[in-house]
Amino acid sequence: ISSFRVMSEGRQTVDISTLALPQLEQIRDGLNEDIEQIQTGLNSLKQATHGYILSKEAAANVKTENEGNEVLIPMTGSLYVPGKMGSSKTVLVDIGAGYYVEFAPQKAAEYFDRRVDAVKQQMDRLEASLRQKKNGQEQIIMVMQQKIASISQDEAKSGISGLKLD
């Protein structure tokens, strides 16, 4: 089994086969928490990407021929209210933290493309981190299984040697 990078005071590489079971369990539990947090973050980023794509499609549908048409305006993810399409020259884009910016529909689509690209880059970084954590988790589990098997063999040997055959 190879060594695995364990974070402590500073970054140092430790041969995990030299660690005791309780230490391995602590590292495994920490990795499990890290993996869960990364997966939660990835799910949030996937939802954000989906939202940006939907927003881009909505901006693309803002055309002069649609002015005055009846539309449903999303208030929440599941609540829509009826309205009429106003001017097609600009759209109002929520850029976060309660701030809105007016864009031409084409510029809004470009903004959403940039946001999707930025989110995908962040997802790529998180996925690389997730792969690293899962690899470490697998190594820890293999070493733990080897140590448990070794302990079981030692106990079996000492149990057999302690038998008296009269």
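Here, every reference points to the structure presented above.
A short tour of the structure in this document, coming up. Values in this document were obtained by computation on a predicted structure and should not be read as measured data.

Thresholds, definitions, all that
- Residues numbered from 1 in each chain as written.
- Predicted model: local features only at pLDDT ≥ 70, side-chain atom pairs only at ≥ 80, totals over all residues.
- Heavy atoms only, no water.
- 1 Å grid on protein atoms, 1.4 Å probe; cavity = no way out; pocket = protein on both sides within 12 Å on 5 of 7 lines; lining within 4 Å.
- Points joined across faces, edges and corners; volume = space filled by probe spheres on them.
- Helix = DSSP H or I, 4+ residues; strand = E, 2+ residues; numbered from the N terminus.
- Nonpolar A, V, L, I, M, F, W, Y, C, P; charged D, E, K, R; others polar.
- Pairing = 2+ DSSP bridges.
- Expected span 1.5 Å × (residues − 1).
- Buried < 20%, exposed > 50% of the residue type's maximum accessible area, 1.4 Å probe, protein only.
- Salt bridge = Lys/Arg side-chain N within 4 Å of Asp/Glu carboxyl O.
- Phe/Tyr/Trp six-rings, centres within 6.5 Å; stacked < 30°, edge-to-face > 60°.
- Core = buried A, V, L, I, M, F, W, Y, C linked by side-chain atoms within 4.5 Å.
- Contact = heavy atoms within 4.5 Å.

Here's the deal with the layout of surface pockets
Item 1. Empty space within the largest pocket amounts to approximately 1,200 Å³.
Item 2. Taken together, 34 residues form the lining of the largest pocket, with L54, S55, A58, A59 and P74 sitting closest to its centre.
Item 3. Contributing elements (two or more residues each) for the lining of the largest pocket: α1 (21-60), β3 (70-74), β4 (80-84), β5 (91-96) and α2 (105-161).
Item 4. No other element matches α1, which puts 8 residues into the lining of the largest pocket.
Item 5. Classifying every residue of the lining of the largest pocket by side-chain character gives 20 nonpolar, 11 polar and 3 charged.

A short note on the pairing of β5
Item 1. In this structure, β5 lies alongside strand β6 (residues 99-103), joined through 5 bridges in antiparallel fashion. Counterpart to G96 in the pairing with β6 is Y99.
Item 2. Counting the residues that bridge the hairpin from β5 to β6 gives 2 residues, and of these A97 lies at a positive phi of roughly 55 degrees.

Structural notes on α1
Item 1. Its 40 residues give α1 an end-to-end C-alpha distance of 58 Å, which sits within 8% of 58 Å, the value for a rise of 1.5 Å per residue.
Item 2. Among all positions of α1, only L21, L24, I27, L31, I35, I38, L42, L45, T49, Y52 and A59 are buried.

Quick notes on the pattern of salt bridges
Item 1. All told, the structure shown has 4 salt bridges when counted by the stated rule.
Item 2. Note that D113 and K56 form a salt bridge whose closest N and O atoms lie 2.8 Å from each other. Taken together, the residues D113 in helix α2 and K56 in helix α1 connect sequence positions 57 residues apart.
Item 3. Note that E110 and K107 form a salt bridge whose closest N and O atoms lie 3.7 Å from each other. Placement of both E110 and K107 in helix α2 is noted, with a separation of 3 residues, approximately one turn of the helix.
Item 4. For K107, a relative accessible area of 47% corresponds to the partly exposed category.

A short note on the pairing of β4
Item 1. Here β3 pairs with β4 via 5 bridges, running antiparallel. Opposite P74, over in β4, you have Y80 as the bridge partner.
Item 2. Counting the residues between successive antiparallel strands, the hairpin from β3 to β4 contains 5 residues.

What to know about the packing of aromatic side chains
Item 1. Following the criterion strictly, the structure yields 3 aromatic pairs and no others.
Item 2. Ring centres of F103 and Y111 lie 5.6 Å apart, and the angle between their planes is 25 degrees; this geometry places the pair in the stacked category. Y111 carries the same exposure label as F103, and that label is buried.
Item 3. Ring geometry for Y111 and F112: centres 5.4 Å apart, planes at 65 degrees, overall edge-to-face.
Item 4. F112 sits in the buried class, given a relative accessible area of 7%.
Item 5. Clustering of aromatic rings is evident, with ring pairs tying together Y52, F103, Y111 and F112.

Details of the nonpolar core
Item 1. L42, V91, V93, F103, A108 and F112 are the most contacted members of the largest nonpolar core, which totals 19 residues.
Item 2. For this core, the secondary structure elements donating two or more residues are α1, β5 and α2.
Item 3. It is α2 that contributes the most residues to this core, 8 residues altogether.
Item 4. Among residues more than four places away in sequence, those in contact with A108 are A59, V91, V93 and F103.

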